[in-house]
Amino acid sequence: MSARVAVIRCDTYDTSAVADAVTRGLELIGGAGAFARPGERIVLKPNLLVSSSAAEAVTTHPAVFAAVARELASAGASLTWGDSPAIGTSLSVGKRAGIADVAAELGIKAADFSASRTVSYPDGRLMKQFTVAEAVLDADALISLPKLKTHALMRMTGAVKNQFGCVPGMLKGEFHARMPDVALFGQMLVDLNRLLRPRLFVMDAIVAMEGNGPRAGDPRNVGVLLFSDDPVAIDAVGCRIMSLDPALVDTLVYGERWGLGSATDIELTGDELPVFEDYRVNRNRLSTTGEGLGNPLAKRLLTPRPSITAERCTRCGTCVRACPVEPKAVDWPGGDRDVPPAYDYAACIRCYCCQEMCPERAIAVKTPLLGRLIRR
Ligand code: SF4
Ligand code: SF4
């Protein structure tokens, strides 16, 4: 049977317009009652990457969160919400994003994502265990509320990647160090989703992100909400919006191969899907981490790499702390903190944690000239 994704046009975050859109979208895939039963304890997982306002399009918009929460609560579920941001707490980031306030208005408590437990996962294709927030493990169901954005490592981030926030903050960097190859990282995310099996995905693409995502990109008016119980299908539809080939996104390649969902056999329902051929996303067929290029010189000449714009850098050191390799691949040259950190590209594994975490949007990912030429 085809995976079903509902597309609902909505070009505003006006509360009642979003509520109508969410009601319609859920009805098209079975109604709120198909995803929440009376008395069930359900965790809502918005994307709360880092502290930023709703207008920056980094985090799931509170109007979407509120509309989904109302629908599930009316079906009788007992709701909590949470995430494990890379920097800060769920509560502090949720406050800035506007989600903590709407949750409080709706009487939805914050789940504690700081306490975690390691669980074995014998069915994992790559991972045989995961350490996950207890709030997620102990709930009856997880419902995922991703934001459609570009991503330097994965090319796009949406439904599958959103569950990485169920892994405690400090552990995330270790995954990058252990899995420097983007395909392996994608496989890990697929296994994490196969373990957690979120029941429903509602993707906020009313205002999405393009360019230097997932934190420092530009908001892009897309004007849709997407609904599905299939994370691979909903992300593949996100790719269509961006005019990005899903075969370039490892979470979708392995997600389909390992039975998490379908990237190819999708039934669209609802409104017409907007497609943007000029969406600023990485369509270069070369790997984002350089594997398969044979030797270090080819990797250096062809692979995208992070680069600091000195004028924007405040010397805060977040990028140095975020770098998961030892010794650091981005560090103060000679220990001099009066200048921006400098890169050792030979040591850099291209995880792009530095670019993702820089609070000043001072780090961009650039493909060297040869890599850009080969794309053509
Ligand atoms: S995180 Fe950004 S602003 Fe801070 S030191 Fe690094 S490049 Fe500069
Ligand atoms: S320098 Fe940046 S991209 Fe390179 S390994 Fe460190 S955090 Fe990752």
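Here the structure is a predicted model, which means the values were calculated and not measured. (Residues numbered from 1 in each chain as written. Chains lettered and ligands numbered in written order. Predicted model: local features only at pLDDT ≥ 70, side-chain atom pairs only at ≥ 80, totals over all residues. Heavy atoms only, no water.)

Asks: Before we go on, may I ask you to explain unusual backbone geometry in this structure?
Replies: Negative phi characterises most residues that are not glycine, and trans characterises most peptide bonds. Here the amide bond leading from Gly 213 into Pro 214 is cis, since omega sits at 15 degrees, within 30 degrees of zero. Structurally, the position occupied by Pro 214 is in the loop between β10 (200-210) and β11 (218-228). If you check the backbone angles, Ser 243 has positive phi at about 55 degrees while not being a glycine. If you trace the backbone, Ser 243 turns up in the loop between α9 (231-242) and α10 (250-257). Exposure remark for Ser 243: the relative accessible area of 24% places this residue in the partly exposed category. For Tyr 352, which is not glycine, the phi torsion reads 65 degrees and is therefore positive. Along the chain, the position of Tyr 352 falls in the loop between β15 (342-343) and α13 (353-357). (Helix = DSSP H or I, 4+ residues; strand = E, 2+ residues; numbered from the N terminus. Buried < 20%, exposed > 50% of the residue type's maximum accessible area, 1.4 Å probe, protein only.)

Asks: Help me out: how do you make sense of the sheet that holds strand β3 (residues 78-81) in this one?
Replies: Hydrogen bonds along the backbone pair up the strands of a sheet, which may run parallel or antiparallel. Strand order in the open sheet made by the 8 strands is β4-β3-β2-β7-β10-β11-β1-β12, with mixed pairing throughout. One side of each edge strand has no neighbouring strand; the edge strands of this open sheet are β4 (109-110) and β12 (266-270). Examined bridge by bridge, β10 and β11 share 9 bridges and lie antiparallel to one another. Across the sheet, the residue bridging to Met 203 is Leu 226, located in β11. (Pairing = 2+ DSSP bridges.)

Asks: It is not clear to me how the layout of surface pockets should be interpreted in this structure. Could you clarify?
Replies: Take a probe with the size of a water molecule and roll it over the atoms, and the empty space left behind shows itself. The computed volume of the largest pocket comes to approximately 660 Å³. Around the largest pocket, the lining is made up of 35 residues, and of these Ala 86, Gly 169, Lys 172, Gly 173 and Met 357 lie nearest the centre. Breaking the lining of the largest pocket down by element, the ones donating at least two residues are β8 (149-151), α6 (159-162), α7 (169-178), α12 (318-322) and α13. Looking at the lining of the largest pocket, the element that brings in the most residues is α7, giving 6 residues. When residues of the lining of the largest pocket are assigned to domains, at least three fall in each of domain 1 (3-270) and domain 2 (296-375). Reported here for the second largest pocket is a volume of approximately 420 Å³. (1 Å grid on protein atoms, 1.4 Å probe; cavity = no way out; pocket = protein on both sides within 12 Å on 5 of 7 lines; lining within 4 Å. Points joined across faces, edges and corners; volume = space filled by probe spheres on them. Domains from an automatic or database assignment.)

Asks: Honestly, helix α3 (residues 90-97) in this entry has me stumped. Any pointers?
Replies: Each α-helix winds once per 3.6 residues, and so residues spaced three or four apart point in a common direction. Turning to α3, its buried residues number three or more, namely Ser 90, Val 93, Gly 94 and Ala 97. Down the axis of α3, the smallest arc covering the buried residues is 100 degrees, so these residues share one side. In α3, the exposed positions angled more than 90 degrees off the buried face are occupied by Leu 91 and Lys 95. For α3, the elements touching its buried residues are α2 (62-74), β3 and α4 (99-105). Where α3 ends, the next residue or the one after it, Gly 98, has phi of about 90 degrees, a positive value. (Arc of directions from axis to C-beta. Contact = heavy atoms within 4.5 Å.)

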